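The chain contents come next:
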Amino acid sequence: MSSRTVIALTVAVTVLAGPSLARAQAPAETTTTSTTTTQGGTTTTTVETTTAQALPPAPKPEEQIPRLDERTAFMVGRNTLKLGILAFDYGILRQLSIGTEPPAWAARAVVDVLVPNFHVKFQFLERDPIWLALKVSGYYARLDKNGVSGHLIDVPISLFASVKAHSRFYLHGEATYIFARVQGTGDLTQVQFNGGAPIRAGQLGLMLQYRLTRIFSLTATGRYQVYVADIPFEGSNQVDPYTTATMTGQLTPGVKHPWEVIGGVAVLWKHFHMVVGGGYGYYFLPGLSIANTSKTFVPDLSLAVVF
Amino acid sequence: MRVATGLLAPAAAVALAIGCDQETITLPEPPMAAETQQLVALYDMPTATLNVDNIQQTAADARARLQEIQPDWFPAVVSDLLTRLRARLDDGSLPSDPASTPKARRAQITLAANIHRICAGWDDPASAPDEATNGAIDLTAIIDTGQLNPEAWATATACRVRVPPASSGGAIVVAPTVRNVTLDGTLIIYLLAPVPPTSADAQYLVVFNGSITIGDQTKSASFDFEVDGTSVKFRVPAGGGDAIVTVGTTLGIQGANASFSCDLTALTCQSSG
């Protein structure tokens, strides 16, 4: 094969296949070496072409940065298991994860009520600089105490919007609607969780994240309950063989519009996430989003290992 | 930033729109609330002008009203009902003192409590209470935003009461004192102290309108009286106003200007201050 033919084929292959290969594969680097020798008046030109296939492209620097996936529209990632003190999450897909929240389970130690819970998070928009995700949680509590037999179902639905306003500055917005229902027999007014369990509430949250380095960010978080409904209840019981008591009423939360502001830092290594902060206001129970009834120091701590 | 605002604003609007469907319980209105409060004030400050000229007649009227009120059994029925209410309020850790104000920043209860009590009847039933035979009293009390309303009200429907109660043992052998009573009518009960845990702690005002049947005699009745522990007070018109009569070994009659102590049988009265 003459040298011209080899070069022409090389160019042709490059021209024809190049663009699609470039899209489908990593960019290839082609090196062409020509050697000309003369023997007995005959000149021979040898062309050696070497094509080196590069390694798969390295992610953009932006994608290598671990992202804050709690109360944001970001996800834990596909086939990723995250075990944290606030949540266990597993990414089934890059945009879909499921999980549960240990604090709700641990609540049994305090209120003698077991609260199984589950959540699923779906990121339905990923268009840099905007990400949107929906998270639906479900909490169940069996109430068997003081003659009460009933159950509580709590379903918070959260819409998260994360916006990259600047390469180092993110806004994470949250709108949560909490719907819960108490059903059962007996005197439900005796089981009030200290009077702080809203049945229907709407809350807004906003987190500002300023990334100082690849792993270290400063955060400022605010949360406000814009709406809470009174809790209706009805109960009937037998005081004695002659007497039946029926109660029909509602429970009005003591603080209708609790709020909190928190400043903190987020340290996000690839396999370990830590968020630490502190603030002031009405402490919202993580996940359940139920607010305390008095203003106090509000701690913020989240630790998680990521596999 | 503008993008972020554009995204969060609709979310906030949705959350606020959800808030528009808030449901609120409507508590029943206590009947004759203003009139009852005036009556309470009257018991504290009688308006009758009493003197030696009208005290005799006032004592006679008081004795007649006393027979109508029948303080030997009627207050016991009301006090018994209130103790059941107290038991229920205590069970639910609900407020039982109308004078206490709810703690700020705490979840507040608003409710209507209905106590349905089957009356004891004329005999001591060995089996379950029979409402069809014995009748019942329905009491309603309300708690508004954590505060107990001092006014409760009740309806007695063919409520059979034995005086003294059949369960009270030996007293029933005294034939003349045993009465079979049937009570029909409405009661307004105004609490002057916490809902009583026992009859001895009861302090309230009662307004009754209805009928009382004793034996086979039915009489319409409309009266009010005040209970303070074991003491009973009632009101009689006198001297251009109302005098308050305290039942005891004698009748203590108090007016706006004077007080008298009257012998119940002889109706002789002495000024007592």
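Residues numbered from 1 in each chain as written. Chains lettered and ligands numbered in written order. Predicted model: local features only at pLDDT ≥ 70, side-chain atom pairs only at ≥ 80, totals over all residues. Heavy atoms only, no water.

## Re the overall build of chain A
- When helices and strands are counted, chain A shows 4 helices and 16 strands.
- Split into buried and exposed, the 307 residues of chain A put 42% on the buried side.
- Across chain A, every contact between residues at least 6 apart in sequence was considered, and the portion connecting residues at least 24 apart equals 51%. (Helix = DSSP H or I, 4+ residues; strand = E, 2+ residues; numbered from the N terminus. Buried < 20%, exposed > 50% of the residue type's maximum accessible area, 1.4 Å probe, protein only. Contact = heavy atoms within 4.5 Å.)

## Some points on the overall build of chain B
- Of regular secondary structure, chain B possesses 5 helices and 12 strands.
- Of all 273 residues assigned to chain B, the portion counted as buried reaches 45%.
- Considering only contacts within chain B whose residues lie at least 6 apart along the sequence, 63% involve residues at least 24 apart.
- If you sum the accessible surface of chain B, you get close to 13,000 Å²; carbon and sulfur atoms cover 53% of it. (Areas by Shrake-Rupley, 256 points an atom, 1.4 Å probe, with all protein chains shown as cover.)

## Considerations on the environment of Ile-69 of chain B
All names here are of chain B.
- Relative to the helices and strands, Ile-69 resides in helix α3 (residues 55–69).
- A residue is classified by how much of its surface remains accessible, and Ile-69, at 0% relative accessible area, is buried.
- On a C-alpha basis, the gap between Ile-69 and Phe-234 in space is 8.5 Å, while along the polypeptide they are 165 residues apart.
- For Ile-69, the contacting residues outside a window of four places in its chain are Phe-74, Phe-223, Asp-224, Phe-225 and Phe-234.

## Observations regarding the state of the cysteines
Residues and elements named next belong to chain B.
- Overall, the coordinates contain 2 disulfides over all chains when judged by the stated rule.
- Residue Cys-119 pairs covalently with Cys-159 via a disulfide, S to S 1.9 Å. Negative torsions about the S-S bond denote left-handed disulfides, and the value of about -115° found for Cys-119 with Cys-159 makes this one left-handed. Taken together, the residues span a long stretch of sequence, with Cys-119 in the loop between β1 (108–118) and α5 (131–134) and Cys-159 in strand β4 (residues 151–163) at a distance of 40 residues.
- For Cys-119, a relative accessible area of 5% gives the class buried.
- The disulfide partner of Cys-262 is Cys-269, and the gap between their sulfur atoms is 2.1 Å. Since a negative S-S torsion denotes a left-handed disulfide, the Cys-262-Cys-269 link at about 115° is right-handed.
- On the accessibility criterion, Cys-262 (0% relative accessible area) is buried.
- Each disulfide in chain B links cysteines that, numbered along the sequence, combine into the pattern 1-2, 3-4. (Disulfide = S-S within 2.5 Å.)

## A look at the pairing of strand β3 (residues 81–84) of chain A
Residue and element names in this part refer to chain A.
- Side chains Lys-82 and Gly-84 project from β3 onto a buried face, and the interleaved Leu-81 and Leu-83 project onto a face without burial.
- Two elements, β3 and strand β4 (residues 88–93), share 3 bridges in a ladder whose sense is antiparallel. Bridging from a neighbouring strand, Leu-81 pairs with Tyr-90 of β4.
- Here β3 hands over to β4 after 3 residues, the two strands then running antiparallel side by side.
- Inspection of the sheet shows β3 paired to strand β16 (residues 291–306) by 3 bridges, in the antiparallel sense. Looking at the pairing, Lys-82 lines up with Val-306 of β16. (Pairing = 2+ DSSP bridges.)

## What to know about a nonpolar patch on the surface
All names here are of chain A.
- Taken together, the side chains of Leu-81, Leu-83, Phe-88, Tyr-90, Ile-92, Leu-93, Val-305 and Phe-307 make up a nonpolar region of the molecular surface, amounting to roughly 650 Å² of accessible area.
- When contributions to the nonpolar patch are tallied by element, the ones reaching two or more residues are β3 and β4.
- Here the nonpolar patch takes 4 residues from β4, the largest share from any one element. (Patch = residues over 30% accessible without salt bridge, like charges linked within 9 Å, V, L, I, M, F, W, Y side chains within 5 Å. Salt bridge = Lys/Arg side-chain N within 4 Å of Asp/Glu carboxyl O.)

## Observations regarding the side chain of Arg-223 of chain A
All names here are of chain A.
- Structurally, the position occupied by Arg-223 is in strand β11 (residues 216–228).
- For Arg-223, a relative accessible area of 4% translates into the label buried.
- Side-chain polar atoms of Arg-223 contact the side chain of Glu-174, separated by 2.9 Å.
- The residues contacting Arg-223, other than those within four sequence positions of it, are Arg-71, Glu-174, Thr-176, Gln-203, Leu-204, Gly-205, Pro-258, Trp-259, Glu-260, Phe-284 and Ser-289. (Polar contact = N/O pair within 3.5 Å; in protein donor to acceptor, adjacent residues only side chain to side chain.)

## Digging into unusual backbone geometry
- Looking along the chain, the bond that leaves Asp-128 of chain A and enters Pro-129 of chain A is cis, with omega of 20°.
- Here Pro-129 of chain A lies in the loop between β6 (117–127) and β7 (130–145).

## Observations regarding the side chain of Lys-164 of chain A
Residue and element names in this part refer to chain A.
- Of note, Lys-164 is situated in strand β8 (residues 148–166).
- Looking at Lys-164, the relative accessible area reads 18%, which means it is buried.
- A polar contact of 3.2 Å, which involves the side chain of Lys-164, links it to the side chain of Asp-128.

## Things to note about the pattern of salt bridges
- Under the counting rule described, the total for this entry stands at 16 salt bridges over all chains.
- Salt-bridge contacts for Arg-86 of chain B lead to Asp-90 of chain B; the nearest nitrogen and oxygen are separated by 3.0 Å. Taken as a pair, Arg-86 of chain B and Asp-90 of chain B lie in helix α4 (residues 74–91) at a separation of 4 residues, close to a single helical turn.
- The class for Asp-90 of chain B is partly exposed, based on a relative accessible area of 39%.
- Salt bridges linked by common partners bring Asp-240 of chain A together with Asp-80, Arg-84 and Arg-117 of chain B together as one network.

## Considerations on the confidence of the model for chain A
Residue and element names in this part refer to chain A.
- Of the residues in chain A, 69% have a pLDDT of 70 or more, and the chain-wide mean is 78.
- Contacts for the low-pLDDT stretch residues 1–27, under 50 throughout, to residues beyond four places or in other chains number 19 contacts.
- This stretch, residues 187–198, has a pLDDT under 50; its non-local contacts, to residues over four places away or in other chains, come to 32 contacts. (pLDDT = per-residue confidence, 0-100.)

## Things to note about the packing of aromatic side chains
Residue and element names in this part refer to chain B.
- Enumeration according to the criterion identifies 11 aromatic pairs over all chains in this entry.
- On the basis of an interplanar angle of 70° and a centroid distance of 5.2 Å, the ring pair of Phe-74 and Phe-208 is categorised as edge-to-face. In this pair, Phe-74 sits in helix α4 while Phe-208 sits in strand β6 (residues 203–214), placing the two residues 134 residues apart along the sequence.
- The structure contains a cluster of three or more aromatic residues connected by ring pairs, namely Trp-73, Phe-74, Phe-208, Phe-223 and Phe-225. (Phe/Tyr/Trp six-rings, centres within 6.5 Å; stacked < 30°, edge-to-face > 60°.)

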